[in-house]
Each structure stands twice: as structure tokens, then as C-alpha cells.
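If you want the building blocks of each chain, they are given just below.
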Amino acid sequence: MNRMTGFASGMDINQMVQDLMRAERQPLEPMQQNAAELQLKIDEYRTMNRSFSEFRNNTFDGVLRSSNMRAMEAASSNEAAVSVSAGAGTPEGTYTLSDISLAKAETQASFLEGSTNGSFIREGGSLDRQLALADQAEELAAGFETGEFAIAVTDKEGEEHVRSFTIDDTTTLDDLLQDINGSGIGVQAFYDEFSGRMSMQRTDTGVYNEAGAEIRFGTGDEETFTETAANAFSSMFGFDPAHAIVDEAENAVFTMNGLTEMERQSNQFEINGVQFSLQNESAGPVTVSVASDGDKMFDTVMAFVDDYNEMVAGVQEKTSEEYFRDYAPLTDEQRRDMTESEIEMWEERSNSGLLRRDSILTGALSQMRMQFYEPVQGSGELTQITEIGITTSSDYQMGGLLEVDEEQLRRQIAENPEGVQQLFAADGETSEEQGIARRLRDTLSGTIGQIGERAGRTDISSNQTFTLGRELEQQGEQITNFERRMQQVEERHWRQFTAMEQAMARANAQAEQLMSSLGGMQMQ
């Protein structure tokens, strides 16, 4: 607010009030700095929590996953004939395959007896697949017929499945194809415009119906299906079993490890946890070997070590930073009086050491360091992490960074992969029976909880739900109350100066009146 003052006294009242208030406001600066430091500390804690959470999640996706620590590698001597893969826990072994023939799906091609080349289109005619068949009856060699028909197939369990379809005066050829392909019956159909014929193929390879065709046409539903050529579809398009050309279904047949004429309905199958995929027929032999994927386990363990060291180094840096007491966070007013480089240098110090020797963080480091050396009970031959070449740094100031003898680690992985996995991932009821990675996750979960109670778990946490947040709220209230008092003090100063101005104005008026009276008397 601009005030018109100083006319009576000749003094710069605005400047005088500003100077007085600057002195009055001196206690506000440390309060603002304290609030800023609290917020910086909250941010630092939450950064640590994100680091802990990231390591905890990486551990779960890394050394605690069997697919990483018990990975098996399957190799084929002829990938063009047989490709293979193996999942975690697949036993090691060798398989020899020969005399391989592939599984095939049944295919039926329409053939309308008495027509040219079996086509259901009359000689010289043409069919618009998007127009109603009833409107093109003269183009169909057998004419148009309405009615219902059904397709039946047999599944792997030997159960028959039936889908019913309807041909009416509005049905187009595309409608029929879409209905069949979208029915879920396991049959795909297509129309060849060049030959004027239709093909149907079972989507599953192999033999499921020993008594007849895999794709059967007839009438009825699941309960009343009757296989017959006397249906609208077979009559119009030539899917009469007596004339339709059928490429019969076949099972895959092969010899494996001395067992001859082994059969599978699909070219993809599993034996002893090994996934086989037959690609081409081959007399063989094709050799498949399954062994532990030591490289993947090694990479997983090394990633765990790198993640752990990165996390520990970050914590160690924060807990050992120097704290500069003389460099409190800058207020907005202080920033206005400084250059950018001065601000940067100041903030480098004011942001330093906020978590120096923090009990939560140093306690977590100490606990994790001890957990690496506590034996894992019941994990087999390997009970100490040092037995696989992993130790903590002898320099205590480094916070227990891990060091790895890679040659020893690779040797133990090759000789005892199960033991290496259990060292990290054993899932016992007590801490002594748990693997090292599980212990660390439990420790970090507790530490994350402690930090959450002190600094909030996320950026959207209410300040009232954690300790530093409540302190920040209290500091904010103090600042608000102080600002309110300062406003009252400033108003008081203005009232006092205004009263002084008014008194001086009256005195000046009286003086002028007196001088005027004296001047009149002298003239008389």
C-alpha cells in the first residue's frame, strides 16, 4: 500500500517504516530456512526410499526368480529339423531323434460331381461373393438351397463339438466363410475364385477321430448331430465325402532314444520339461542336449552385486556428507541479492549432509552387512556367500561394498548351481534359513517403512501422516502467525507516524497563524 506521508515532517516515512519492519522481521528468516531444510530432508529420505524399493524389486526379478537362477539351455544339432527350449528346473540330459515325420491337419477340398473340374460355379459363370447367393442361383452349378447344416470335430479328449449354421435368402458367400471361420469350431475355410472351389482345413494337426474324417458335415446340434451329405452346404458346394478330396490328418511320428514310432498329435510337444518343435521331416539323427545355463546365472548374480553396490554407495555418500551449519537454505529475498553462480555454490553446501550419520540408514547398512556373513542353514553344501567368491570390502568406510572373485563364482555355478541358487533364494521359516536376497528384502522393507514414518512414503502423502511432515506443518503455522503479527506491527508503526504527522501539521498551522497575527500587529 502506498501512503502519502511526510508532508508535515519532511521525513521519508515509507523508508523509515521499511527499515523498522526489516529489523522486526529478522526472526522470520531462520523460520523460513528451517522449513526449507525440512522439505529438503524429506526429499532426500524419499530418494533413498526409491533406491531401496528399486533394489528390492530388482532382487525379486533377478536372483529370486527360478527362471534366472535355474535356467536351462537346450541345444539342437539341427535347428532346421528340430528346435528346442527348456524351462527352469528341466533335468539335464541328451535326446536323439530320428525318422521324423510331421503332424498334419486334415484338409478337405470341395468337388461337385458332374460340374466342370468340380467347381460349384456353372461353366462360364461367375459369383459375386458379396451378393446374396439366392440372387445368383443361376450361377451355381447345383442351384441354390436354403436350410441348416452343421460341422462337427473331435477334440484331444475325444469329445465331439458341433456348430450349426443357417443359409437363407440373404446369405452371401462371404457371410458363410466368416461364420465358419469365426465359430470357434477349429476349422478355417477359404474360397478360390480361380477354380471356383472351397477348401476347409482343421486348425489342429493330428488324428483325433480314428473312426472317420476330422471335419464332418451334417445336420443337428451337440446332442442331435447326424453326419450326412444331405444338407444345404454339402449339396451346393460339393463337400460330399464320396467326392470331396481329402488330405488326411497325420500324427507326428519319430524315434527317440531307442523308442520307435513315438507319436504326437502336434509338432510341438513337451518331454521331461523340454519343449520340442518339429520343423521338417528328417531321417536324422538329431541330437538335443539340455544343460544348466551357467552364463545366465552368472549374469544374474553379477547384476545383483552391481545393484547392491550402487545402492550402498548412494547411502554411504549421503550418510558421510559434510554438514555446513553456516549455509542454511536461501530465502527468496536472499536469492534476489545473489548471482546464479553464488546461488549454485551456496546450495551445494546447504543441501549437503542433511542425512549425515542418519540412524535409519546407517542401521540398515550395518544389518545388511551382517546378513551377508550369517550362514544360510539348510541350504546344502554351500552356506556362506564367501564360498562362491563374494566378499564385502575390507574398507569399513565403503559401507560394505561387494567384491567378486569371478573365477570362483563361475566354478561354483558349474559344480553346484542348486547350491548357489539356495544361498540367495532359500525360503526358510526363520531368518537363519532364508537366503541372503530374502534377508535383504526383509531388511529393506523394514527400512522403507521406517523412512515412510519419518518422511512419508510418496510425494502425495499427507504431511500429517509422517513426523517431518508434522514438523513442517507446525513451522508453517509459526510463519503464518509471525506474518500476521508483523502486519499488526506495521499497522501500529503507520498509526504512530500518522499521528505524529497530524500533530506536526497542527503545530505548523498554529505557527503560521501566530506569524500571521504578529505580522498584522506590526503593520498597525
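Right above here is the structure, for reference.
Everything numeric in this text was worked out from a predicted model, so none of it was measured.

**Looking at the overall build of the chain**
Helix and strand counts for the chain stand at 13 helices and 18 strands. Based on the C-alpha atoms only, the size of the chain along its principal axes is roughly 155 × 80 × 40 Å. The buried share of the chain, taken over its 524 residues, is 41%. Long-range contacts, defined here as pairs at least 24 residues apart, represent 68% of the contacts in the chain between residues at least 6 apart. As displayed, the chain offers around 28400 Å² of accessible surface, 45% of which is attributable to carbon and sulfur atoms. Charge separation in the chain, taken as the distance between the mean sites of 40 positive and 92 negative side-chain charges, equals 15 Å.

**A closer look at the packing of helix H11 (residues 417-425) against helix H12 (residues 436-455)**
Contact geometry of H11 with H12 gives a least axis separation of 3 Å together with a crossing angle of 15°. Relative to H12, the element H11 is oriented roughly parallel. From H11, Leu423, Phe424 and Ala425 reach across to H12, where they touch Ile436, Ala437 and Arg438.

**A word on the pattern of salt bridges**
Evaluation of the coordinates by the stated rule reveals 15 salt bridges. Residue Lys318 pairs with Glu44 through a salt bridge whose shortest N-O separation is 2.9 Å. Note that Lys318 is positioned in helix H6 (residues 294-320) and Glu44 in helix H2 (residues 28-61), a separation of 274 residues in sequence. Take Glu44: its relative accessible area is 14%, and that puts it in the buried class. Note that Arg65 is salt-bridged to Asp61, the shortest N-O span being 3.3 Å.

**Examining the side chain of Thr172**
Examined against the element boundaries, Thr172 turns out to sit in the loop between strand S6 (160-167) and helix H4 (173-181). For Thr172, a relative accessible area of 7% puts it in the buried group. Look past the residues within four positions of Thr172 in its chain and what remains in contact with it is Arg129, Gln130, Leu131, Ala132 and Leu133.

Basis of the calculations
- Residues numbered from 1 in each chain as written.
- Predicted model: local features only at pLDDT ≥ 70, side-chain atom pairs only at ≥ 80, totals over all residues.
- Heavy atoms only, no water.
- Helix = DSSP H or I, 4+ residues; strand = E, 2+ residues; numbered from the N terminus.
- Buried < 20%, exposed > 50% of the residue type's maximum accessible area, 1.4 Å probe, protein only.
- Contact = heavy atoms within 4.5 Å.
- Areas by Shrake-Rupley, 256 points an atom, 1.4 Å probe, with all protein chains shown as cover.
- Lys, Arg positive; Asp, Glu negative; His and termini not counted.
- Charge placed at Lys NZ, Arg CZ, Asp CG, Glu CD.
- Axes fitted to C-alpha atoms, helices over the stretch in contact; angles between N-to-C directions.
- Parallel < 35°, antiparallel > 145°, perpendicular 65-115°, else oblique.
- Salt bridge = Lys/Arg side-chain N within 4 Å of Asp/Glu carboxyl O.

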